[in-house]
Structure formats: structure tokens, C-alpha cells
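Observations on the model geometry
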Amino acid sequence: MISHGWFPEISVHSDFLDGVSAPVYKPDERTAKAIFRYVYVCSRFRSGLPTAFDHRQSRPFTMPDALATDRSRRTRPAPARAGTGRAVKTAGAADARDRLSPEVRRILDDFRLEDIGSHLLRRAHFVAEEMFAQEFSDESLTPRQKAALIIVYQQPGLNQNALADRLFMDRNTVAEMVKRLAASGLLRRAGAKDDQRAYELFLAADGAALLNRVMPRDVLVERRVLERLPEEYRQLFIKCIRMLVEPQAPRDRGAD
């Protein structure tokens, strides 16, 4: 609320101040009334309420030009699609299935997401991630971080690029992960002897302590991931997954 003249001081009270009233200044009465009108109409407009009115004459007054322009932009009709002269529909669009070719319709009619290998692999990955997260919720550890610590243990002194290659991850992503692991005291970075711009990575004391806590439990998690499969299928499943992820030689298109 802003008032002047008939009240002893001008004060501000609005949602923007979380209900805190504070004395501001004492302008002349004309300025105070202008401020009152502007603030009141702005607050009502942005709250979606009807436009405010002049408190002296109880009649509507003109919305400030800036707000009127802003509202016109919000209600501007959708632009025409290039080359068609027709406006793009944003809501309530008609079903466009009749635009599909007969061949594509036959493919879609027979499509069963539950039989798609890539979809099932993604779901299986989520199951494994959820098991890991539940088991190690007290450790703030991700499967990628665990894998990084294991690889550094197995290859002390390897650099970040080699770690990224072993993890099959983007180098920038691995660089950020290594930075966080080093800041947490789990990894130790040392300048490479042959390249001062590179780091050699070593397991730190806290990283060793973390692996001591995690690895015995991780064996159980990995066992639970596969326990839904019949025992005679588990090694075959791992072999098949390995065949999927191993790099393939480029196919000769002329042989098709």
C-alpha cells in the first residue's frame, strides 16, 4: 500500500516484500498518487486480476504502455508456417495419422514396445541403477564414480583421458567427475612427468576407505541384478551384452 497526504507517511506493502512494511520517502501528493496507481495496476495485471482503477474518481484508467505492450505480445497470434500461409496450431490439433504412408502404418500396427531390445535394455539399466542407489544411499556414490575408483586402483597413475576411454564416457564429463572426486578426497591428482598439462590419478586414503565399505556390498548388488534370470542363462546374458557393446568393424555397403 502507498499513501500520502491523508496518511502521515508513504509506505510500501506488497507481496514483493513478503508483507513487510517499511517507510520509504515523502514525495508530493501528486507523485504519491501516481506511484500508487502504477504499483497497484502492475500488481493486479501480473496476478491476472482486472485492471486497477483510479482511487479518487473510481473509474478505470489507462494501463501503462509498457504493460499493454507486454500483454499484446502474450496474446499475439501464432506465426504462419513458412511457405503455407497458415498459422501453426498449438493446441487441439487434429489427429494426423491419415498422413502416414501405408507401409509405416503397417509397421506401427505391429509395433510392440515391450518386444523392442533397445527399450528393454534401457529399462534393465534403470533397474540396475535403482538397486545401486538403494543400497548405497548412505554413501552418495554413483556407479560411474565407483567404476572410476576401481579403474584408478587397477591402473595407478593413468591420466584422465585414459580413464575416460576405459569408462567409455565423454572426456569433459570425466574431467568434471575427477574434479569432484579429488575435492572429496577420494582421488589424488598429480602432474604428469611428461606433460605438465595432464594429471596422473591415484587412489586417495578416503577413496580406499570408501572401497572397503562399498565393494563387499556391491558384489551382492550385482548378484541381485541377475538373480531374476535362471542360473544357466546368467553367463550367456553377460556374453550377449558384451557382444552388443564391443566395437564392430565397419560394414561394407557393397556387400549388401
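A separate point is the nonpolar core. Membership of the largest hydrophobic core comes to 23 residues, with the highest contact counts inside it found for Leu163 and Leu167. When residues of this core are traced back to their parent elements, those giving at least two are α4 (117-135), α5 (143-154), α6 (160-167), α7 (171-183) and α8 (205-226). Apart from the residues lying within four places of it in its own chain, the contact partners of Leu167 are Arg144, Ala147, Ala148, Ile151, Val174 and Met177.

Next up on the list: α6. By the burial criterion, the buried members of α6 are Gln160, Leu163, Ala164 and Leu167. All buried residues of α6 lie within an arc of 100 degrees about the axis, which places them on one face of the element. Of the surrounding elements, those touching the buried residues of α6 are α5, α7, β5 (187-191) and β6 (199-203). Capping of α6 at its N-terminal end is provided by Asn159; its side-chain oxygen lies 3.2 Å from the backbone amide nitrogen of Asn161. Phe168 sits one or two positions beyond α6 and adopts a positive phi of about 55 degrees.

Turning to the pattern of salt bridges, a few remarks are in order. According to the stated counting rule, one finds 11 salt bridges in the structure shown. Close ionic contact of Glu129 with Arg144 constitutes a salt bridge, the shortest N to O distance being 2.9 Å. With Glu129 in helix α4 and Arg144 in helix α5, the pair connects residues that are 15 residues apart, well separated along the chain. With relative accessibility at 23%, the residue Glu129 sits in the partly exposed group. Arg144 sits in the partly exposed class, given a relative accessible area of 32%.

Definitions and cut-offs
Here, residues in each chain are numbered from 1, in the same order as that chain's written sequence. Selection of residues for local features in this predicted model requires a pLDDT of at least 70, selection of side-chain atom pairs for listing and counting requires 80 or more, and totals for whole chains, interfaces and linings are taken over all residues. Calculation of side-chain values draws on the structure's entire complement of heavy atoms; hydrogens and water are dropped beforehand. The term nonpolar core refers to a set of buried residues drawn from Ala, Val, Leu, Ile, Met, Phe, Trp, Tyr and Cys, joined through side-chain atoms within 4.5 Å. Exposure classes here rest on a 1.4 Å probe applied to the protein chains alone. A residue is buried below 20% of its type maximum, exposed above 50%, and partly exposed in between. Working definition: helices are DSSP H or I runs of at least four residues, strands are E runs of at least two. Numbering for both runs from the N terminus. We call two residues in contact whenever any of their non-hydrogen atoms come within 4.5 Å of each other. What the arc describes is the spread of directions from the helix axis to the C-beta atoms. Side-chain atoms alone can form a polar contact between residues adjacent in sequence; in general such a contact is a pair of N or O atoms within 3.5 Å, and within protein one must be able to donate a hydrogen while the other accepts it. Salt bridge, as used here: a side-chain nitrogen of Lys or Arg that lies within 4 Å of a carboxyl oxygen of Asp or Glu.

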